[in-house]
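Working through the structure, step by step
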Amino acid sequence: MPATVATDRAPLVLSDRINAMQESQTIAMAKKARALAAEGVDVISLSFGEPDFQTPQYIKDAAKQALDEGYTFYTPVPGYLELRQAICDKFRRDNQLDYLPENIVVSTGAKQSLANAVLSLVNPGDEVIVFSPYWVSYEEMVRLAEGVSVPLIGAFENNFKVTAAQVEAAITPRTRLIMYSSPCNPTGAVFSREELAELAAVVARHPHIHVLADEIYEYINFVGEHVSLAQFDEVKDQVITINGFSKGYAMTGWRVGYLAARREIAAACEKIQSQITSGTCSIAQRASIAALEGGRASADEMVAAYRRRRDLVLELAKDIPGFRTNVPSGAFYLFPDVTGYFGRTTAAGETIATASDLAMYLLNDAHVAAVDGAAFGAPDCLRFSTAAADDKLREAFERIKISLAKLT
């Protein structure tokens, strides 16, 4: 007689850490859009923050050369010395900042650079001031470190930008870190030199605080000057600057990011990385060296297209009643306030109560994917990526206009 096989499994118990963490909403919406597309639905996805350009050919050629030259072995945890030196040269050229290779840690994307820094600096119960609207992963990284997020909301009338006075009022003895991006994902806001000087003055008065300055969209800037907070000498040692290759060089799949920080912080981030991923892909690193040595010409060509698309979607959005939009100064997103549609009813009798409801309605009715603003700390808004071809953007916003007109 065969032995009895137990079919009941013991209850699966996951860690409190993973249970407390939310899935990235940009990735979640992209999954839903792909699922509809797999069913044969013509979905226009404006949910993912990914350039639609190919990586420049000279960078691809460098990757091929790296393979031919045998760069297939483990790399130093903080990255090849040649790459870290090229990053130092970039900081000197573009940002007037002097760093040594020991101040640089190369990671598997800017997201890992951010996580390394948060985990290196934040203890349980520490407060982290997060400028809101913010990139979706900031709060989850703080939660992973068992810190406490303190969102500061930038007013729509100030192009969603938090002021230095707000920061000063929010600082407590438990404040450990400030996080922000400029140009900002999702709003496209860019902090001016004057605004960052005021922020630097506040930070300098609180030497126990560090700042994570996310500059991944540095090159996608429509106002001309990009200013790094670390340029202000009084706070340079308090600032960890994050950047990478995904946006400016259209290298999203290559997964290479980096940070620049005082030596002790860089060493701490290297220590964490050594236990989680070790060094970033050798081929991607060699390609990144070529990207930096090739200058900004390819990035500038892409930025011209992004500016044209921004202007296009701003014009298209004007024809949609109930969309209240700011003018993005950088990045490639439109982030309209959509509260004008709250309380409206669909043909099926469902009430649009939140931006999440509206995002799902547009996905199912207009077959256009956007991301709920609540994921960015702005529940009154939706985020649309403008990193798509002009004809796709025109078609998407025409669908949105028709779909929204059906609401009563």
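Residues numbered from 1 in each chain as written. Predicted model: local features only at pLDDT ≥ 70, side-chain atom pairs only at ≥ 80, totals over all residues. Heavy atoms only, no water.

1. Details of the overall build of the protein
Helices and strands together make up the secondary structure of the protein, namely 13 helices and 12 strands. For the protein, whose C-alpha radius of gyration is 22 Å, the value lies close to the compact-globule estimate of 22 Å for 408 residues. Taking the principal axes of the C-alpha coordinates as reference, the protein spans close to 80 × 60 × 50 Å. Considering the protein as a whole, with its 408 residues, one finds that 56% of them fall into the buried category. (Helix = DSSP H or I, 4+ residues; strand = E, 2+ residues; numbered from the N terminus. Rg over C-alpha atoms; globule rule 2.2 N^0.38 Å. Buried < 20%, exposed > 50% of the residue type's maximum accessible area, 1.4 Å probe, protein only.)

2. Quick word on the side chain of Ser246
Secondary-structure assignment places Ser246 in the loop between strand E7 (239-244) and strand E8 (257-260). In contact with Ser246, other than residues within four places in its own chain, are Pro51, Ile216, Met251 and Thr252. (Contact = heavy atoms within 4.5 Å.)

3. Thoughts on the packing of helix H12 (residues 355-366) against helix H13 (residues 390-405)
Contact geometry of H12 with H13 gives a least axis separation of 10 Å together with a crossing angle of 110 degrees. The angle between H12 and H13 falls in the class roughly perpendicular. Residues Leu358, Tyr361, Leu362, Asp365 and Ala366 of H12 form the contact with H13, whose participating residues are Arg399, Ile400, Ser403 and Leu404. Residues belonging to the contact of H12 with H13 are distributed by class as follows: 6 nonpolar, 1 polar and 2 charged. (Axes fitted to C-alpha atoms, helices over the stretch in contact; angles between N-to-C directions. Parallel < 35°, antiparallel > 145°, perpendicular 65-115°, else oblique. Nonpolar A, V, L, I, M, F, W, Y, C, P; charged D, E, K, R; others polar.)

4. Considering the packing of aromatic side chains
Under the counting rule described, the total for this entry stands at 21 aromatic pairs. Among the aromatic side chains, those forming a connected cluster through ring pairs are Phe91, Tyr99, Tyr219, Phe245, Tyr249 and Tyr258. Lying over the aromatic face of Phe91, Lys90 brings its terminal NZ or CZ to 5.1 Å of the ring centre. Lys236 extends its terminal NZ or CZ atom over the ring of Tyr99, reaching a point 4.6 Å from the ring centre. (Phe/Tyr/Trp six-rings, centres within 6.5 Å; stacked < 30°, edge-to-face > 60°. Lys NZ or Arg CZ within 6 Å of the ring centre and 35° of its normal.)

5. Remarks on unusual backbone geometry
The step from Ser132 to Pro133 runs through a cis peptide bond, and the omega angle for that step is 5 degrees. The topology assignment puts Pro133 in the loop between strand E3 (127-132) and helix H6 (137-144). Put simply, Ser182 and Pro183 share a cis peptide bond, and its omega is -10 degrees. Looking at the element boundaries, Pro183 is found in the loop between strand E5 (175-181) and helix H8 (193-204). Phi is positive for Arg255, which is not a glycine, with a value near 60 degrees.

6. Digging into a nonpolar patch on the surface
Together, Leu12, Leu14, Ile18 and Met21 give the surface a local cluster of nonpolar side chains, amounting to about 400 Å² of exposed area. With respect to the helices and strands, the residue Leu12 is situated in the segment before helix H1 (16-20). (Patch = residues over 30% accessible without salt bridge, like charges linked within 9 Å, V, L, I, M, F, W, Y side chains within 5 Å. Areas by Shrake-Rupley, 256 points an atom, 1.4 Å probe, with all protein chains shown as cover. Salt bridge = Lys/Arg side-chain N within 4 Å of Asp/Glu carboxyl O.)

7. Some remarks on the sheet that holds E5
What the 7 strands build is an open sheet, ordered E2-E8-E7-E6-E5-E3-E4; its pairing is mixed. Each of the sheet's edge strands pairs with one partner strand only, and the pair in question is strand E2 (104-107) and strand E4 (148-153). On average, each strand axis in the sheet is inclined to that of its neighbour by 20 degrees, with strand direction left out of account. Two strands pair when backbone bridges link them, and E3 and E4 are joined in this way by 6 bridges, in the parallel orientation. (Pairing = 2+ DSSP bridges.)

8. A few points about the environment of Ala66
Residue position: Ala66 is located in helix H3 (residues 57-68). Counting along the chain gives 87 residues from Ala66 to Ile153, while the straight-line C-alpha distance between them is 46 Å. Beyond its immediate sequence surroundings of up to four residues, Ala66 is in contact with Tyr71, Ile283 and Arg286.

9. Quick look at helix H10 (residues 282-293)
Each α-helix turn comprises 3.6 residues. Residues three or four places apart therefore point the same way. Compared with the 16 Å implied by 1.5 Å per residue over 12 residues, the 17 Å span of H10 between its first and last C-alpha is a close match. Of all 12 residues making up H10, 11 are buried, and the element is well covered by its neighbours. Those residues of H10 that fall on the buried side of the exposure criterion are Ser282, Ile283, Ala284, Gln285, Arg286, Ala287, Ser288, Ile289, Ala290, Ala291 and Leu292. Contacts from the buried residues of H10 go to H3 and helix H4 (81-95). Count one or two residues on from H10 and you reach Gly295, which has phi positive near 80 degrees. (Expected span 1.5 Å × (residues − 1).)

10. Regarding the nonpolar core
Counting 82 residues, the largest nonpolar core has Phe323, Leu358, Phe384 and Phe397 as the members making the most contacts within it. Residues within four places of Phe323 in sequence aside, it is in contact with Ala317, Pro336, Asp337, Val338, Tyr341, Phe384, Phe397, Ile400 and Leu404. Counting residues in each nonpolar core, the second largest holds 52 residues, with Val106, Ala213, Tyr219 and Leu292 among its members. (Core = buried A, V, L, I, M, F, W, Y, C linked by side-chain atoms within 4.5 Å.)

11. Looking at the state of the cysteines
The bond known as a disulfide is covalent and runs between the sulfur atoms of two cysteines. Under the defined criterion, the tally for this structure stands at 0 disulfides. For the unlinked cysteine Cys269, the closest cysteine sulfur is that of Cys88, found at 15 Å. (Disulfide = S-S within 2.5 Å.)

12. Description of the UniProt feature "domain: Aminotransferase class I/classII large" (unreviewed entry) in the protein
Under the local residue numbering, the UniProt record ascribes the feature "domain: Aminotransferase class I/classII large" (unreviewed entry) to residues 42-400. Each end of residues 42-400 is marked by a C-alpha atom, and these two atoms are 14 Å apart; helix forms 38% of the span and strand 14%. (UniProt positions renumbered as here; feature names shortened; annotations may be inferred.)

13. A few points about the pattern of salt bridges
Applying the stated criterion across every chain yields a total of 23 salt bridges. For Asp300, the salt bridge goes to Arg296, with nearest N and O atoms at 3.9 Å. Between Arg310 and Asp311 there is a salt bridge, with its nearest N and O atoms 3.0 Å apart. Given the relative accessible area of 37%, Asp311 is considered partly exposed. The network of salt bridges with shared partners includes Asp52, Arg308, Arg309 and Asp390.

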